[in-house]
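Inside the fold
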Amino acid sequence: MDFLSRQSLARLGLEDEIKLLDTIANLHKHWSELRASSPAESVLDYLASFDDNLEQQRALLESLDIDPSLLQQLGRKLRKAYADEVPESLRKLLRRLDSFAETEDARDPGLVRWKLYEDKADRELVSADALTFALQGPGLAQIDLEAGDLPPAPVATVENLLRIGFAGQLDGRGAAGASAVAFGAEAGTEGRLDYWFAAPGESLFASAAAAGLRKLPSPFSLEAIGDAAEHGLQGLQLSLATSGKAAVSVEYSIFDGSDLIDITAGIEITASYDATREFELSTWCDPQHSEQITVQIKRTRGRQINSSVGLGVTVDMVGAVEQVRAKVIEPYLGSYESFYEKFKPYLSPGTLLEQKCNEALSQAAARLSEDAHIQSALRLALGQDVDADQLQAEISAKLVGWFNGGVGIYSRAMSADLPQGAAARLNDSLPAELPQAVRNKIGTEVGGLIKSLQEKLTEEIQQRADVASGALVGELNELNQRVKEAIAGASEPLDKAVAGVREALAEIDERIHSIVSKLEQAATRKIKLRILSTEKLLREREVVMRLSFDRHSASARVFYSTLVEGNLDALEDLMLSPPSGVEIVEGSARELLGHHYSTGTESSVLGVSLGASSIVDSSVQIQKDAAGNVAIQSRLEVKRILDGIREMQSAGFVSHLNLNLLQRSRTLPLNLTVTQEDERLELDELDDFLSGLTDSGLLSPMARENALALYHEWQRDTGKRYIDARVEVLLQIDGERLENLLDYAGSREEIAMIADVLAALQRYRVFSESVIDRACSSVRSCASNYRSYREPAELFAAFNAGMRSGDRPLKGRRAFFAEPFADTHHHPAVSSVESRGLRNARAIHFHAKSWVLLMRKLHEVYQMAPGAADAEQMVRHNELMAFCLHKWLKVKQLFLFQPNDEVSAKTIAFMGLLAEAANSLSDYPLTVVMDLAGDDSEPRLFS
């Protein structure tokens, strides 16, 4: 029999464990005789304490044909493994198998974690495909012994099943490989191997476990599995998984200078590699056919590669903080604050009294505070003893507050009703038990006090009237035009003048301090600019097969060995033509290729982040099964983004190909969207965004009006001037429109497509007719070969625009220039951009060629024969189409990275071309989708 590791049971090193289980079973058999002469309560206790009772038990053991020295040896190892305390779970080994029954409510009642008590090195179990499965090393290794287990499908379920399970690790040599050592790679590995044996229900758990350990077959040998099946093996499951990670990062400084402003620049390159491998094998005996063994195998391999290259520039202004403070903040803020303090008292009558009429205020307050009746009443009102000085301070503060409070402060301060009103409010706050005579005295005193203060205030205002209308107004004029308008002349009522001054000065105060604060913060922030390119490659392959083997067939045994070796290409081929002795029940193979890459520029200035980026996300999945069906999914998304201050605009294109050979279905929906996200969207911004689309004839005027009406509705509901919203314009091509587009792509001649592009560029105002004419003249003058072409479409079908080093290095660029196009290969390449005409000619050529190639590739992938599909070729198709789409998808810039509210003319022209090719210009093809931030309701659609 072929055992684990394809060698012998001795290598696994479980002989002592089997001996111990056999010994436990033997002691249990004679337990009735042994327990009479031992204080032990069970066989396990007897064995663990055997050293202490060796001489007393020797004669009895020898009479029972039990070797005392073996018991002594095994007992010592048992105590060592379990630290002199035998776990309660081990007592399950002394029960019958049929005493355990696993149910949904009682999980694993018969589970025993059997610790390997010998301090040995890692115990290797199986080796395959350069991976070695081993039990974890000294002090950690254990075996699962479980009676009455319910195995997971597809292992056949019979009564009284015994599971023997191993949890372990993969040897690092095979898991990580030679390259993983570089750059401090990480490797995570794990594995599990389970066997299920059938045994009589009356069997002792320990006896059945020992018998099972003797019969363990190699999971990689069909012959060994078949032999073990004759000795009770019902099935096995093996799962191996390994993952390896490696990463490297390189930073290189290309400039480093420091002065008041510190500027640094550098290049950063990062790369990482992440690989996973999984192997799952299940075999079980067919209950209907004893000579058949059913096998299910799953092999998965995956890898992901990430890389990025960035150029970063940082401007650090920390060194300039002191100069900013010395030259800006201190002189200007200091002069402002002295000016503000100079005029601040005039804005509050009570404060004016406090500063200019302090003696009168103090005398008035003192008269109140020194009156015995009033003093007693006020103490009672305050709830505590207060001395005269404190009472005087309280009364002064209350009086200042009365004069300063309310709208129209001067009118109110001089009002004849103020004394009586103030006395009444004070009366309401006095304790209820205060006599009425005292209340009247307090009211009279307060009223008289306020009248005397009003007289003083009148005097002060009269004295300061010239200042208020002269010097004060003049100096305030220097601060703010709004102040000048508020106090245009001394003839205006003083209340109105002071109210305007008060409001304007408060605004100026807030603005100046805010500017100063931001200036200081700005000086401590860094200005950052980074140009970044990232790329992620993903590849996964998986084969899943379920087969029935004739275990006596030689060809079946060979085929089984091929299966477990994990050659995925061989598995796919064998799936279609299995050898004799093997029946494929079901099987499938799946391959996934993903490619994500982005390029962009990010800028952070004074805490505001801005950016522009181009994103391409491509994935291709091909799935085949044993029935001959082929299913293909290919998805391509291309997006251009401008991320400005509080708003972002993007233009994106998504295609999603689905082919299914068996179902005879083909779909290729296309979506083109332009999206505006704005935290402070204004009505005119929304109108600008939609008006160009309406003027082009692609968006219904009614849809535009409905969108604007919804904006007004949101304004009313939220009560806000600005709206935080997302607005999207969508062109969707599927169904009949898609059939029309693909018919156009497959039947229209290239020169006619070029003519369509030239017409669209003019119709949607990308290039005027005169610009196109000058571009044609420039091409004809640069080479004699082009002078015979009079029509622009013919000329651009012949114009060979060569690749330049200055062209944007996007993925698919080389394929774009290498792809045959019209008659260009018969003419010399022109890469010159010396004149504006040639620059425009190249741009027009790129638009024409990208449109023709995009139509050609869409038609090609849609009409593809599924059986001939190649994932890598389809990925290259996606790269080329992404490059073509970049010529049309644009976001209009207002400045730097700030998007314009209007949609780019090139994107509108691309929408128009698609709509016209799909025969959807008879109606308005675009739909507006609007979504309010924070609103959980469904987005609103208008078309």
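Note that this is a predicted model, so its numbers are computed, not measured. Once a new chain begins, its residue numbering starts again from 1 and follows that chain's sequence as written. The predicted origin of the model limits local features to residues at a pLDDT of at least 70 and limits the giving and counting of side-chain atom pairs to 80 or more, whereas totals for whole chains, interfaces and linings rest on all residues. The side-chain quantities take in all heavy atoms of the structure and omit both hydrogens and water.

Per the convention used, a helix needs a DSSP run of H or I reaching at least four residues, while a strand needs a run of E reaching at least two, with both numbered from the N terminus. A count of helices and strands for the chain gives 32 helices and 21 strands. Per-residue accessibility, obtained with a 1.4 Å probe over protein chains only, is compared with the maximum for each type, and a residue is labelled buried under 20%, exposed over 50%, and partly exposed between these values. Here the chain holds 943 residues, and the buried ones make up 47% of them.

To obtain each axis, a line is fitted to C-alpha atoms, and for helices this fit is confined to the stretch in contact; angles are then taken between N-to-C directions over 0 to 180 degrees. Put simply, helix α30 (residues 836–862) and helix α31 (residues 871–886) touch, their axes get as near as 9 Å, and they point 150° apart. With respect to α31, the axis of α30 lies roughly antiparallel. In this structure, α30 crosses over α31, and the sense of that crossing is left-handed. Here α30 contributes Ser850, Leu853, Leu854, Lys857, Leu858, Glu860 and Val861 to the contact with α31, which in turn contributes His877, Leu880, Met881, Cys884 and Leu885. As a working rule, the residues Ala, Val, Leu, Ile, Met, Phe, Trp, Tyr, Cys and Pro are called nonpolar, Asp, Glu, Lys and Arg charged, and the rest polar, with Gly in that last group. Each residue belonging to the contact of α30 with α31 can be placed in one class, and the counts come to eight nonpolar, two polar and two charged. Comment on the angle field: the value is read as roughly parallel under 35 degrees, roughly antiparallel over 145, roughly perpendicular from 65 to 115, and oblique elsewhere. Handedness of a helix crossing follows the sense of rotation of the near helix relative to the far helix, less than a right angle counterclockwise being left-handed and clockwise being right-handed. The contact rule is simple, with two residues in contact once any of their heavy atoms fall within 4.5 Å.

A separate point is the packing of helix α27 (residues 769–782) against α30. Packing of α27 against α30 brings their axes to within 8 Å, and their N-to-C directions diverge by 105°. As summarised for this structure, α27 and α30 are arranged roughly perpendicular, according to the angle between their axes. Counting all contacts with α27, which are made through Val771, Ile772, Arg774, Ala775, Ser778, Val779 and Cys782, the residues of α30 involved are Gly837, Leu838, Asn840, Ala841 and Ile844. Here the contact of α27 with α30 is composed, by residue class, of eight nonpolar, three polar and one charged.

Among the structural elements, Glu146 can be located in strand β4 (residues 142–147). Setting aside anything within four residues of it in sequence, one finds Glu146 in contact with Glu102, Asp108, Gly110, Leu111, Leu161, Leu162, Arg163 and Phe205.

All right, on to the nonpolar core then. Trp851, Met855, Phe910 and Leu914 are the most contacted members of the largest nonpolar core, which has 112 residues in total. Looking at this core, the element that brings in the most residues is α30, giving 13 residues. If we skip the residues at most four places from it in the chain, Phe910 touches Phe653, Leu672, Trp851, Leu854, Leu885, Trp888 and Leu889. Within the second largest apolar cluster, 74 residues are counted, among which are Leu94, Leu145, Phe166 and Leu547. The term nonpolar core refers to a set of buried residues drawn from Ala, Val, Leu, Ile, Met, Phe, Trp, Tyr and Cys, joined through side-chain atoms within 4.5 Å.

The next subject is the environment of Leu204. Position of Leu204 among the secondary structure elements: in the loop between β6 (186–198) and α8 (205–214). As for Leu204 and Leu94, which are separated by 110 residues in sequence, their C-alpha atoms are 6.4 Å apart. Aside from chain neighbours lying at most four places away, what touches Leu204 is Ala25, His28, Leu93, Leu94 and Arg95.

So, about the pairing of strand β14 (residues 647–660). The buried count for β14 comes to ten of 14 residues, which makes it a mostly enclosed element. A pair of strands counts as paired when DSSP detects no fewer than two bridges linking them. Of the pairings in the sheet, the one linking strand β13 (residues 630–643) to β14 comprises 13 bridges and is antiparallel in character. By the bridge assignment for β14, Glu637 is matched with Val654. Taking the residues between adjacent antiparallel strands as the criterion, β13 and β14 are bridged by three residues, where Arg646 takes a positive phi near 65°. Pairing geometry for β14 and strand β16 (residues 670–681), over nine bridges, is antiparallel. If you follow Val654 over to β16, its bridge partner there is Asn671. In this structure, β14 lies alongside strand β15 (residues 665–667), joined through three bridges in antiparallel fashion. Its bridge partner lying in β15, Asn660 is registered against Ser665. Taken together, β14 and the strand that follows it, β15, pair antiparallel across an intervening segment of four residues, in which Arg664 is found at a positive phi of about 55°.

Salt bridge criterion: a side-chain nitrogen from Lys or Arg within 4 Å of a carboxyl oxygen from Asp or Glu. In this structure the tally under the stated criterion is 29 salt bridges. Among the salt bridges present, the one from Asp98 reaches Arg96, with a minimum N-O distance of 2.7 Å. For Asp98, a relative accessible area of 37% corresponds to the partly exposed category. When its relative accessible area of 42% is taken as the criterion, Arg96 is described as partly exposed. For the salt bridge of Arg163 with Glu146, the shortest nitrogen-to-oxygen distance reads 2.9 Å. Of this pair, Arg163 sits in strand β5 (residues 161–170) while Glu146 sits in strand β4; the two residues are 17 residues apart in sequence, bridging distant segments of the chain. Summarising the burial analysis for this pair, Arg163 and Glu146 share the class buried. Residues joined in a network through salt bridges with shared partners are Arg113, Asp144, Glu146, Asp149, Arg163, Arg192 and Asp194.

Moving on, we come to unusual backbone geometry. Although it is not a glycine, Arg765 sits at a positive phi angle of roughly 60°. Looking at the secondary structure, you find Arg765 in the loop between α26 (750–763) and α27.

Like charges within 9 Å and nonpolar side chains (Val, Leu, Ile, Met, Phe, Trp, Tyr) within 5 Å are joined into patches, using only residues over 30% in relative accessible area that form no salt bridge. Methods summary: accessible areas were calculated by the Shrake-Rupley approach with a probe of 1.4 Å, and residue burial reflects only the protein chains presented. Charge assignment in this entry is limited to Lys and Arg as positive and Asp and Glu as negative, and neither His nor the chain termini are counted. Here the site of a charge means atom NZ of a Lys, CZ of an Arg, CG of an Asp or CD of a Glu. On the surface, Asp643, Glu677, Glu679 and Asp724 cluster together to form a negatively charged patch. With respect to the secondary-structure elements, Asp643 resides in strand β13.

The subject of this paragraph is the pairing of β16. Bridge count for β16 against strand β17 (residues 723–733) is ten bridges, and the pairing is antiparallel. Counted as the bridge partner of Gln676 is Val727 from β17.

What follows concerns the environment of Ser634. Looking at the secondary structure, you find Ser634 in strand β13. Residues Ser634 and Val620, spaced 14 residues apart in sequence, show a C-alpha to C-alpha distance of 4.4 Å. Here Asn878 takes part through its side chain, which lies 3.3 Å from a polar atom of the side chain of Ser634. Identification of polar contacts relies on pairs of N or O atoms within 3.5 Å, with a donor-acceptor requirement for protein atoms, meaning one able to donate a hydrogen and the other able to accept it, and with residues adjacent in sequence counted only if both atoms are side-chain atoms.

What follows covers a nonpolar patch on the surface. Together, Ile267, Ile269, Val309, Leu311 and Ile531 give the surface a local cluster of nonpolar side chains, amounting to about 380 Å² of exposed area. At the level of elements, β8 (262–285) and β9 (292–316) are the ones that each hand at least two residues to the nonpolar patch. Counting through the fold element by element, Ile269 comes out in strand β8.

Here we take up the confidence of the model for the chain. Confidence in the prediction of the chain, expressed as mean pLDDT, is 74, and 66% of residues score 70 or more. Residue-level confidence of the predictor is summarised by pLDDT, bounded by 0 at the bottom and 100 at the top. When pLDDT is averaged over each helix and strand of the chain, the minimum, 31, is found for helix α7 (residues 172–176) and the maximum, 94, for α26. Overall, residues 136–140 carries pLDDT values under 50, and its contacts beyond four positions in sequence, including any with other chains, amount to 13 contacts. Long-range and interchain partners of residues 170–185, a stretch whose pLDDT sits below 50, account for 25 contacts in this model, where long-range means more than four residues apart.

Within the secondary structure layout, Arg590 lies in strand β11 (residues 582–605). Exposure remark for Arg590: the relative accessible area of 17% places this residue in the buried category. At 3.5 Å, the side chain of Arg590 forms a polar contact with the side chain of Glu540. Beyond its immediate sequence surroundings of up to four residues, Arg590 is in contact with Glu540, Arg541, Glu542, Gln621, Ile622 and Gln623.

If you trace the backbone, Phe100 turns up in the loop between α6 (68–81) and β1 (111–115). Residue classification places Phe100 among the buried residues on the basis of a relative accessible area of 6%. Spatially, the C-alpha atom of Phe100 lies 9.5 Å from that of Gly201, the residues being 101 residues apart in sequence.

Glancing now at the packing of aromatic side chains. Only the six-membered ring of Trp is used, alongside the rings of Phe and Tyr, when aromatic pairs are assigned; centres must lie within 6.5 Å, and planes under 30 degrees apart are stacked while those over 60 apart are edge-to-face, with the rest tilted. The final tally for this structure, using the stated rule, is 15 aromatic pairs. On the basis of an interplanar angle of 90° and a centroid distance of 5.7 Å, the ring pair of Phe817 and Phe846 is categorised as edge-to-face. Here Phe846 lies in helix α30 and Phe817 lies in helix α29 (residues 813–818), a separation of 29 residues in the sequence. On the basis of relative accessibility, which here comes to 9%, the residue Phe846 falls in the buried class. Within the aromatic cluster, the residues linked to one another by ring pairs are Phe653, Tyr744, Trp851, Trp888 and Phe910. As a reminder, the over-ring test applies to NZ of lysine and CZ of arginine, requiring each to be within 6 Å of the ring centre and within 35 degrees of the ring normal. Between Lys849 and the ring centre of Phe816, over which it is positioned, the NZ or CZ distance is 4.8 Å.

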